[in-house]
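Observations on the three-dimensional arrangement
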Amino acid sequence: MNESLRISLWQHGIFLLVLFLVLAPLSFLILGSFSTARLPGDFSLHTMGLVNYISVYADASTLDLFANTIIYVGGSAALGIVLAVALAWLVERTNMPGKIFLYAGVPTTLAMPGMLQAMAWVLLFSPRIGFVNTWMKDIFGPGAPVIDVYTLEGMICLEGVRLVPTAFLMLVPLMRSMDPSLEEAAAVSGARPASTLRKVTLKLLAPALVAVMIYQAMTALEVFEIPGILGLPAGIYVFSTKIYAIVRTATFMPVYGQANALAMVYVLIAVATTVLYTRLISRAERYTIVTGKGYRPRQFDLGRWRIPAFIAALFFLFISIVLPFVVFLYASFLPYLQAPSAAAFKVMTLKNYRLLAEYGEVGSALRNTFMMVVTTATATVALSFVVSLVVVRSKFWARKLLDQLAFVPHAIPGIVMGIAFFWLFLKLDFLPLYGTIWAISIGFTISFLSYGTRSMNAALLQIHKELEEAAYVSGAPPWRTMWRVFVPLMMPTFVGVWIWVVLHAVRIAGMPLILAEGPGNQVLAILIWNMWDEGYVPAVAAIGTLLMISLLLLTVLVRIIGFRRHAMQMVGG
Amino acid sequence: MIRIEDLHVRYQTERGEVYAVRGIDLDVKQGQFFTLLGPSGCGKTTTLRSVAGLERPYQGEIVVGDQLVLSCRRNVVVPPYKRDIGMVFQSYAIWPHLNVFENVAFPLREMKKSSSGDIRSRVRKALALVQLDGLEDRPAPFLSGGQQQRLALARALVKEPRVLLLDEPLSNLDAKLREETRFELRELVKRLGITTLYVTHDQLEALTMSDVIAVMDGGQIVQRGTPHDIYAAPKNRFVASFIGLSNFLEGRVKALGAPGEVETSSGVIKCLLPDGAAAGDEVIVVIRPEDVTLNDGAAGANENMLEGKIEAIVFMGDALECQVAVGAKAIRLKLHPSSAVAKGSTVRLKLPAASCRAVRA
């Protein structure tokens, strides 16, 4: 067969696959929102109407839902960006000591699963069982003030802290590559340091800061675990948890379509912010403060605030990593939950860990998780690579469209994606996928496709086009070129993306909760969620401790690979 | 050895279609060093890449050796990896994940006919040709720019292709190294007798290395010939200004003959007229600065004498460059640095008719 025809067939195949994987679940999500059938499986085009929309949006509680969501998203994004700007400024533009701890530590906080952090906060600040509240009662008597974590404020504080590492990673290179001569020009024009900071530095950073903040708001909007653990028990709903609540009650009442109707708003908001975000990014690029030159900006002298600043920065790491880990480690040795005391330390036991080994559900959940995570990571790497190859390296007519298609899932929250697949798998029942871990795998793969293709695009663009052409004129056909040039050069990216996907797939509970269907496809995140729900706290602590340890180790591995990849790019091409 | 007929290439860009190459014919003989010379965007690299098979022309025919590699009419497109070519890229395109040996061995391993002992001896031979022997195990990124360039050359030569394609291979070297490499490179390909198609925007490279130069502009070949012909007898204003420095005097043909006469704003100039010129035609007289001398004597039969005032003198080290106002025009000339000239003084310029060449405007 003709070579170019064969390549063209491959390209069309990849395009159609992505088109189907992205559009099929979305279509079912939209169709489902109009469905009046009792169950998704009964859906047909004859049973359609606006009933779901009316019942969802005519409900008075929906107004509260909007208000809660706005407060939660706005509050946590604002808190996150303030903390991140402060940390990034401290490590990049001041003479604070011990910066290396923050460069290494802040990205490591990404490894902490939000679900476990939220549970740790509950163990500390729950009004009834929280260790801190118990101590306060012991010290100040029954009239002591109670810190309640089951509130909007609790959700905002935790999500705010969780948003810091990503924003930090976005802001550090920005602050680093800012041309100091722009500030020096203000200084020689007679501006004092404070007004230089206000009139020049912050103004220059403004477009980027807004972009980062919108990105943060999208993340907060999509997160399910934090409002799930902290909000659901107190009946405080935001979008993601409300949708979950509708689906869960739908087991008794056939209102599945209402979840879809609600999710449509979610989709609209997500799409709108995505558009806004891309426009802002393109505007931010017009401010050419990032010139790519290696500047060493002048450092602000903190004076006697150097040590306090360092302690404050370390406190952030303590809250994000050390505290949840210590709380979990402590609770995992308890026979039953109690606040730390001399008595508690005396009765400590390894019973919980022994039970884990004996409890059959743990073993099957671990096996399922392993299979799910490995297939998801491998499929994401493979699919992202071929998609990026077509997008970046071919003259395929629809390569731009393919790139955008691969980015769409980024704007769709996991919980909504879960519902979309729930409908898809129930309706396409000739595919025996519903209730299997493969359903979860497919869902995650599409969710992570945008991250995968962004990484692969960037890495492929780093590979000079002539490295590929040199292989052709050296006599290597396309697939040999892919194998001998692209794959070895991309290997660090493959491993990086693979581990990133593992890190995320293993701990996200939102989508698996929607697609979960008994022990057959129970994964670790679901097991933890359910055991927590049923009150097996010390057992959850034992699993959580082990999970935290493995995720932290994996993160360290990513960092090491990241350094190698950096070294490779320095010398390559 | 390389035959290109009526080649047309266009690109699809955001701003619409760009016609990079519009109708190129050329014929490179066995063992010839053939250079495509022109400014950026003239289509020279696109032409070279079409020979390699890295571009997809929409019209034309290309033959490499006795292999028809492209014929749009007969729907023949041979992919690059089946063409008998070696190529050196502008960036060198050294694979950073392979060491020196494996970079050179790559084309041989793709041929799959050679045994490992055979590969070893052929790689050694290729590396010796470019004086990189002994560096086999060095990771490729740890080579200097000059070594990378020679490694790229070894990789292009290792499978002994019939045709060598060079895409501005010297442009990434610093000035001194570039000068040395010019002679080494020409000497090497001449010794091997390999047919070479060379692309550059550097007139000095083209003049010093080539057997034949084709000057390109706007996707077409403007003039082709030996370096001497191109320099001495540029066909039009573009070629004259792109290669070397030139003075241009616009005018009209006044009288035919050898030499003919052209009426310009600086007076009547005796010069060589283009073929088929008729009285009244608009032409441009081209004179190289080094052909102009200062002279107080009378004009000979085939000489022009112009009087002017020295407007500017620039000391260039090996020469004095003077600008002399003659009528409304300024004429540049090169003098020996010890010449006694003064700004503002009136001088007489001698221009031999044989080195004044009228080209069509």
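Residues numbered from 1 in each chain as written. Chains lettered and ligands numbered in written order. Predicted model: local features only at pLDDT ≥ 70, side-chain atom pairs only at ≥ 80, totals over all residues. Heavy atoms only, no water.

Describing empty space enclosed by the protein
Under the defined criterion, the tally for this structure stands at one cavity of 30 Å³ or more. Reported here for the largest cavity is a volume of approximately 60 Å³. Together, A:Ala470, A:Val473, A:Ser474, B:Ile85, B:Gly86, B:Met87, B:Phe89, B:Pro107, B:Arg155, B:Ala156 and B:Lys159 line the largest cavity. Broken down by element, the residue count for the lining of the largest cavity peaks at three residues, all from strand 7 (residues 85-88) of chain B. (1 Å grid on protein atoms, 1.4 Å probe; cavity = no way out; pocket = protein on both sides within 12 Å on 5 of 7 lines; lining within 4 Å. Points joined across faces, edges and corners; volume = space filled by probe spheres on them. Helix = DSSP H or I, 4+ residues; strand = E, 2+ residues; numbered from the N terminus.)

Describing the layout of surface pockets
Residue and element names in this part refer to chain A. A volume near 2200 Å³ is recorded for the second largest pocket. Forming the walls of the second largest pocket are 49 residues, and the residues nearest its centre are Ile 7, Gln 11, Arg 393, Ser 394 and Lys 395. Ranked by residues supplied to the lining of the second largest pocket, first place goes to helix 1 (residues 3-33) with eight residues. The class makeup of the residues in the lining of the second largest pocket is 23 nonpolar, ten polar and 16 charged. (Nonpolar A, V, L, I, M, F, W, Y, C, P; charged D, E, K, R; others polar.)

Here's the deal with the packing of aromatic side chains
All names here are of chain A. Per the stated rule, a full pass over the model turns up 25 aromatic pairs over all chains. Pairing Phe 34 with Tyr 53 gives two aromatic rings, centres 5.2 Å apart and planes at 35°, and the pair type is tilted. Residue Phe 34 is found in the loop between helix 1 and helix 2 (51-57), and its partner Tyr 53 is found in helix 2; the two are separated by 19 residues along the sequence. A residue is classified by how much of its surface remains accessible, and Phe 34, at 25% relative accessible area, is partly exposed. Judged by its relative accessible area of 19%, Tyr 53 falls in the buried class. By the ring-pair criterion, three or more aromatic residues cluster together here, those being Phe 444, Phe 448, Tyr 451 and Trp 500. Cation over ring: Lys 242 sits above Tyr 237, and NZ or CZ is 4.8 Å from the ring centre. (Phe/Tyr/Trp six-rings, centres within 6.5 Å; stacked < 30°, edge-to-face > 60°. Buried < 20%, exposed > 50% of the residue type's maximum accessible area, 1.4 Å probe, protein only. Lys NZ or Arg CZ within 6 Å of the ring centre and 35° of its normal.)

Details of the interface of chain B and chain A
The extent of an interface is frequently quoted as the accessible surface area lost upon association of the parts. Between chain B and chain A, the contact holds 27 residues from the first and 24 residues from the second. Of the roughly 2200 Å² buried between chain B and chain A, counting both surfaces, carbon and sulfur atoms make up 61%. Interface area lost by chain B to chain A is led by B:Tyr81, B:His97 and B:Glu110, which between them contribute 30%. Summed over the shared surface of chain B and chain A, the result is three salt bridges. When the shortest N-O distance is used, the salt bridge between A:Arg480 and B:Glu110 registers 3.0 Å. The interface formed by chain B and chain A holds eight residue pairs in polar contact (both at pLDDT 80 or more) in total. If you list the elements that add at least two residues to the side of chain B that touches chain A, you get helix 1 (44-52), strand 7 and helix 2 (100-111) of chain B. Top element by residues in the side of chain B that touches chain A is helix 2 of chain B. It accounts for five residues. (Contact = heavy atoms within 4.5 Å. Buried area = accessible area lost by both parts, 1.4 Å probe. Salt bridge = Lys/Arg side-chain N within 4 Å of Asp/Glu carboxyl O. Polar contact = N/O pair within 3.5 Å; in protein donor to acceptor, adjacent residues only side chain to side chain.)

Structural notes on the sheet that holds strand 7 of chain B
Residue and element names in this part refer to chain B. One open sheet holds the six strands; their spatial order is 7-8-9-3-10-11, and the pairing between them is mixed. The open sheet terminates on both sides in strands that have one partner only, identified here as strand 7 and strand 11 (220-225). Neighbour-to-neighbour, the strand axes of the sheet open up by a mean angle of 20°, direction not taken into account. Note that strand 3 (residues 33-37) and strand 9 (residues 195-200) share five bridges and pair parallel. Bridge pairing in strand 9 links Leu 36 to Val 199. (Pairing = 2+ DSSP bridges. Axes fitted to C-alpha atoms, helices over the stretch in contact; angles between N-to-C directions.)

Structural notes on the pattern of salt bridges
All names here are of chain B. The tally for this structure, following the rule as stated, stands at 26 salt bridges over all chains. Measuring nitrogen to oxygen at the nearest pair gives 2.6 Å for the salt bridge that ties Lys 190 to Asp 211. One end of the pair, Lys 190, is in helix 5 (residues 175-192); the other, Asp 211, is in the loop between helix 6 (203-209) and strand 10 (212-217), with 21 residues separating them in the sequence. Across the pair Lys 329 and Glu 250 runs a salt bridge whose closest N-O atoms are separated by 3.2 Å. Remark: Glu 250 occurs in strand 12 (residues 247-255) and Lys 329 occurs in strand 19 (residues 329-335); sequence separation between them is 79 residues. Judged by its relative accessible area of 35%, Glu 250 falls in the partly exposed class.

A few points about helix 3 (residues 116-129) of chain B
Residue and element names in this part refer to chain B. When the terminal C-alpha atoms of helix 3 are compared, their 20 Å separation across 14 residues agrees well with the 20 Å that a helix rising 1.5 Å per residue should span. Turning to helix 3, its buried residues are Ile 119, Arg 122, Val 123, Ala 126 and Leu 127. Mapping the buried residues of helix 3 onto a view down its axis gives an arc of 135°, with all of them on the same face. Residues of helix 3 that are buried make contact with helix 2 and helix 4 (145-157). The positive-phi residue at the C-terminal boundary of helix 3 is Gln 131, with phi of around 60°. (Expected span 1.5 Å × (residues − 1). Arc of directions from axis to C-beta.)

What to know about the sheet that holds strand 18 (residues 320-326) of chain B
Residue and element names in this part refer to chain B. One open sheet holds the five strands; their spatial order is 16-20-17-18-19, and the pairing between them is antiparallel. The outermost strands of the open sheet, each flanked by one partner alone, are strand 16 (293-294) and strand 19. Sheet analysis places strand 17 (residues 303-315) next to strand 18, joined by six bridges and oriented antiparallel. Within strand 18, the residue paired with Ala 312 across the bridge is Gln 323.

Some remarks on the domain arrangement of chain A
All names here are of chain A. In terms of domains, chain A is made up of domain 1 (61-288 + 304-332) and domain 2 (360-573). Centre-to-centre separation of domain 1 and domain 2, based on C-alpha positions: 24 Å. Of the residues lining the interface, 42 residues belong to domain 1; the matching set on domain 2 comes to 35 residues. For the domain 1 and domain 2 pair, buried surface summed over both sides reaches about 3400 Å², with 80% attributable to carbon and sulfur atoms. Our enumeration of links across domain 1 and domain 2 arrives at zero salt bridges. Counting every contact that joins domain 1 to domain 2 gives five residue pairs in polar contact (both at pLDDT 80 or more). At nine residues, helix 12 (residues 256-284) tops the list of elements feeding residues into the side of domain 1 that touches domain 2. Considering only residue class, the side of domain 1 that touches domain 2 consists of 32 nonpolar, seven polar and three charged. (Domains from an automatic or database assignment.)

Digging into the environment of B:Ser345
Residue and element names in this part refer to chain B. Looking at the element boundaries, Ser 345 is found in the loop between strand 19 and strand 20 (346-352). The class of Ser 345 is partly exposed, set by a relative accessible area of 26%. Distance from Ser 345 to Asp 133, taken between C-alpha atoms, is 61 Å for residues 212 residues apart in sequence. Residues contacting Ser 345, with those up to four places away along its chain left out, are Gly 308, Lys 309 and Ile 310. A polar contact is formed between the side chain of Ser 345 and the backbone oxygen of Ala 342, at a distance of 2.6 Å.

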